[in-house]
Each structure stands twice: as C-alpha cells, then as structure tokens.
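These are the residues of each chain, in order.
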Amino acid sequence: MTRNLLWPLLAATLTLNTQAAEMDGMNHQAMNHQAMPAMDHAAMSEPASGEVRKIEGNKVTLKHGPLKALGMPGMTMTFEAADPAELTGLKVGDKVHFTPRSEGGKLVAVGISKS
C-alpha cells in the first residue's frame with residue numbers, strides 16, 4: 001500500500017519544484033501594471049437589493065444579501081454612492097436596488113433606487 005502511494009507523491013513533488021523554478025525569474029515590481037487591461041467591473045457586477053441603515057454625505061450603509069460577484073456574504077456595510085444625487089429622498093429603512101462594485105479598493109453603489 002505504501003509503495004502505491006509513493007510514486008504519485010514523488011511525481012507531484014517534482015512537478016511543483018519545476019513550476020516553482022520557472023517562477024523564480026518573475027519580478028512583480030518590474031511589471032507594468034498600467035499596461036495591463038483594466039478589469040471590466042460592469043461585467044463583474046450584478047444587481048442587489050438592500051435596506052438603508054444610514055446615510056452620511058455621499059455614503060450609504062446598506063444591509064444586503066450575498067454579493068456573489070464580489071465574493072461577499074450578506075452583511076451590513078457602507079458604500080460610496082457613485083452618484084450622490086441618488087441618495088436624495090432616501091431615508092433609513094427604505095428598501096433599495098443597487099449594483100455593487102469594487103473600484104480602486106472602494107466599495108461603490110451604482111444606480112441606487114427605491115424598491
């Protein structure tokens with residue numbers, strides 16, 4: 001039994017060592033990140049719904065369900081409004097629809113509207 005497991009383990013170890021050696025020449029700091037294609041945030045976003053918990057300036061705190069496109073479970077969190085005018089007329093307790101996006105390390109709510 002031990003002999004049967006030894007060969008696959010040896011093959012996997014040799015494969016991983018070869019791949020690691022190929023990556024040694026990579027220099028992440030020297031990469032030109034501006035030349036890399038921008039991520040299409042619209043394609044990664046999907047509409048969501050939530051409940052307004054707080055509005056402060058151009059930020060809105062929403063209790064929402066899972067945001068699958070962003071890999072987040074349901075929770076209460078604060079988003080920056082892509083268009084602060086969309087917050088006009090909203091109040092705590094309102095049910096809303098929005099599209100969540102991650103832009104430049106910030107969470108942004110796009111197209112906020114009452115349900």
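Residues numbered from 1 in each chain as written. Predicted model: local features only at pLDDT ≥ 70, side-chain atom pairs only at ≥ 80, totals over all residues. Heavy atoms only, no water.

1. Here we look at the nonpolar core
Here comes step 1: If you look at the biggest cluster of nonpolar residues, it comprises 15 residues, and the most contacted ones within it are Val60, Leu62, Phe79, Val96, Phe98 and Ile112.
Here comes step 2: Those elements giving two or more residues to this core turn out to be strand S1 (48–56), strand S2 (59–64), strand S3 (75–81), strand S4 (95–103) and strand S5 (106–114).
Here comes step 3: When near neighbours in sequence (up to four residues on either side) are disregarded, Ile112 contacts Val60, Ala81, Glu86, Leu87, Leu90, Val96, His97 and Phe98. (Core = buried A, V, L, I, M, F, W, Y, C linked by side-chain atoms within 4.5 Å. Buried < 20%, exposed > 50% of the residue type's maximum accessible area, 1.4 Å probe, protein only. Helix = DSSP H or I, 4+ residues; strand = E, 2+ residues; numbered from the N terminus. Contact = heavy atoms within 4.5 Å.)

2. Regarding the environment of Lys114
Here comes step 1: Position of Lys114 relative to the elements: it lies in strand S5.
Here comes step 2: Residues Lys114 and Leu90 lie 24 residues apart in sequence; the distance between their C-alpha atoms is 7.6 Å.
Here comes step 3: There is a polar contact of 3.4 Å between the side chain of Lys114 and the backbone oxygen of Gly89. (Polar contact = N/O pair within 3.5 Å; in protein donor to acceptor, adjacent residues only side chain to side chain.)

3. Re the sheet that holds S4
Here comes step 1: An order of S1-S2-S3-S5-S4 is seen for the 5 strands of this closed barrel, with the pairing classed as mixed. Each strand of the sheet is rotated relative to its neighbour by a mean of 55°, with strand direction disregarded.
Here comes step 2: The pairing of S4 with S5 spans 7 bridges and is antiparallel. The residue of S5 that forms the bridge with Ser102 is Leu107. (Pairing = 2+ DSSP bridges. Axes fitted to C-alpha atoms, helices over the stretch in contact; angles between N-to-C directions.)

4. Some remarks on the confidence of the model for the chain
Here comes step 1: Of all residues in the chain, 62% attain a pLDDT of 70 or more, and the chain-wide mean is 78.
Here comes step 2: A low-confidence stretch, residues 18–29 stays under pLDDT 50, and its non-local contacts, those more than four residues away or across chains, total 2 contacts.
Here comes step 3: Counting contacts from residues 31–43, a segment whose pLDDT is below 50, to residues more than four positions away or on other chains yields 8 contacts. (pLDDT = per-residue confidence, 0-100.)

5. A look at the pattern of salt bridges
If the charged atoms of two oppositely charged side chains come close together, the side chains can form a pair.
Here comes step 1: This model, assessed by the stated rule, comprises 6 salt bridges.
Here comes step 2: Across the salt bridge formed by Lys54 and Glu56, the nearest N and O atoms sit 3.5 Å from each other.
Here comes step 3: Assessed through its relative accessible area of 53%, Glu56 is described here as exposed.
Here comes step 4: Where salt bridges share partners, they join Glu51, Arg53 and Lys95 into one cluster. (Salt bridge = Lys/Arg side-chain N within 4 Å of Asp/Glu carboxyl O.)

6. Details of the side chain of Thr61
Here comes step 1: Along the chain, Thr61 turns up in strand S2.
Here comes step 2: One polar contact links Thr61 to Thr78, side chain to side chain, over a distance of 2.8 Å.
Here comes step 3: The residues touching Thr61, leaving out its near neighbours within four places in the chain, are Glu51, Val52, Arg53, Lys54, Thr76, Met77 and Thr78.

7. Describing the environment of Thr78
Here comes step 1: Within the secondary structure, Thr78 sits in strand S3.
Here comes step 2: We classify Thr78 as partly exposed; its relative accessible area is 41%.
Here comes step 3: Taking the C-alpha atoms as reference points, Thr78 and Glu56, separated by 22 residues in sequence, lie 9.8 Å from one another.
Here comes step 4: When residues no more than four places from it in sequence are discounted, the contact partners of Thr78 are Lys59, Val60, Thr61 and Leu107.

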